[in-house]
Amino acid sequence: MSDNRDDDGPAQYASPPCFMHELDPAYQMPLSDWTDVRRWRKAERERLIGARLAVSADARAAMSQRIGEGLDTLVGNVAGLMVSLYWPFRGEPDLRGFMASINARGGRTALPVVIEKGQPLVFRAYAPGDRLEKGVWNIPIPAEGDPVLPDIVISPVVGIDPSNYRLGYGGGFYDRTLAAMPFRPLVIGVGYELQRIPTIYPQRHDIPMTKVVTEATGA
């Protein structure tokens with residue numbers, strides 16, 4: 001999961017072969033400076049959000065349906081489990097139908113709430129039909145609801161790399177939240193196949209997803 005904290009230094013990479021850029025035109029020199037990584041992440045974030053918004057609403061709805069089916073297969077019996085999801089934002093997969101099905105099958109659901117910049121998220125219990133209010137970026141959040149600790153955290157991604165490191169929106173909320181939790185939940189990143197990228201240039205504060213589900217893995 002991505003973060004923009006300036007006090008974290010860059011990850012270390014081995015030196016690439018001197019002529020790799022000539023052998024493979026797609027080869028990109030690893031970024032080692034945190035300022036360069038931050039600049040790259042910002043540009044990649046904008047590109048990926050633009051790419052998913054360019055997909056038609058009908059196509060995104062169909063992909064969201066397949067992602068929900070994939071999550072259903074992965075999670076299995078939800079009875080007695082607390083599952084944190086999210087309210088869809090800027091073309092993210094819409095999993096509100098899957099959220100309703102969790103509650104219908106004996107599970108419970110929650111939504112993440114930003115309390116303060118630079119601090120962990122709080123998960124607040126929510127079921128479809130509960131009252132909502134506007135939170136950060138005008139994303140709906142539960143108006144009431146007890147703080148909870150989810151067994152499963154389903155997190156939307158802006159980008160995802162082969163090691164399941166998540167490129168997010170740059171606030172670092174999910175990384176801080178997972179690091180602060182008293183236990184590690186099952187963390188599932190969800191997104192579209194078009195959001196797969198070779199690397200996010202992970203830093204030492206980045207925490208990888210346990211699993212990733214897209215419309216392809218969910219089919």
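We now turn to the structure provided with this report.

Scoring rules and cut-offs
- Residues numbered from 1 in each chain as written.
- Predicted model: local features only at pLDDT ≥ 70, side-chain atom pairs only at ≥ 80, totals over all residues.
- Heavy atoms only, no water.
- Helix = DSSP H or I, 4+ residues; strand = E, 2+ residues; numbered from the N terminus.
- Buried < 20%, exposed > 50% of the residue type's maximum accessible area, 1.4 Å probe, protein only.
- Contact = heavy atoms within 4.5 Å.
- Areas by Shrake-Rupley, 256 points an atom, 1.4 Å probe, with all protein chains shown as cover.
- Expected span 1.5 Å × (residues − 1).
- Arc of directions from axis to C-beta.
- Pairing = 2+ DSSP bridges.
- Axes fitted to C-alpha atoms, helices over the stretch in contact; angles between N-to-C directions.

1. A word on the overall build of the protein chain
Helices and strands together make up the secondary structure of the protein chain, namely five helices and 11 strands. Looking at the protein chain residue by residue over its 219 residues, the buried ones come to 46%. Pairs at least 24 residues apart make up 71% of the contacts formed inside the protein chain by residues separated by at least 6 positions. Accessible surface, the protein chain: about 10,800 Å² in total, of which carbon and sulfur atoms supply 54%.

2. Here we look at helix α3 (residues 57-75)
Its 19 residues give α3 an end-to-end C-alpha distance of 26 Å, which sits within 8% of 27 Å, the value for a rise of 1.5 Å per residue. Within the sequence span of α3, burial applies to Arg60, Met63, Ser64, Ile67, Gly68, Gly70, Leu71 and Val75. Seen from one end, α3 has its buried residues packed into an arc of 165 degrees, which puts them on one side. Exposed and oriented more than 90 degrees from the buried face of α3 are Asp58 and Thr73. The inward-facing, buried residues of α3 contact α2 (34-53), α4 (96-104), β7 (152-156), β10 (186-190) and β11 (211-213). The first or second residue beyond α3 is glycine 76, which carries a positive phi of 75 degrees.

3. A word on helix α5 (residues 173-180)
Along α5, six of the eight residues are buried, which leaves the element largely enclosed by surrounding structure. Considered for burial, the residues of α5 that qualify are Phe173, Tyr174, Asp175, Arg176, Thr177 and Leu178. Taken together, the buried residues of α5 touch β2 (108-113), β3 (122-125), β7, β9 (166-167) and β10.

4. A few points about the sheet that holds β2
Strand order in this open sheet of seven strands is β6-β3-β2-β1-β7-β10-β11, and the pairing throughout is mixed. Since the sheet does not close on itself, it has two edges, and those belong to β6 (147-148) and β11, each with one partner. Bridging between β3 and β6 involves two bridges; their strand directions are antiparallel. In the sheet register, arginine 124 faces β6, and the bridge partner there is proline 147. Lying on the sheet, α5 is in contact with β2, β3, β7 and β10; it crosses β7 at an angle near 165 degrees.

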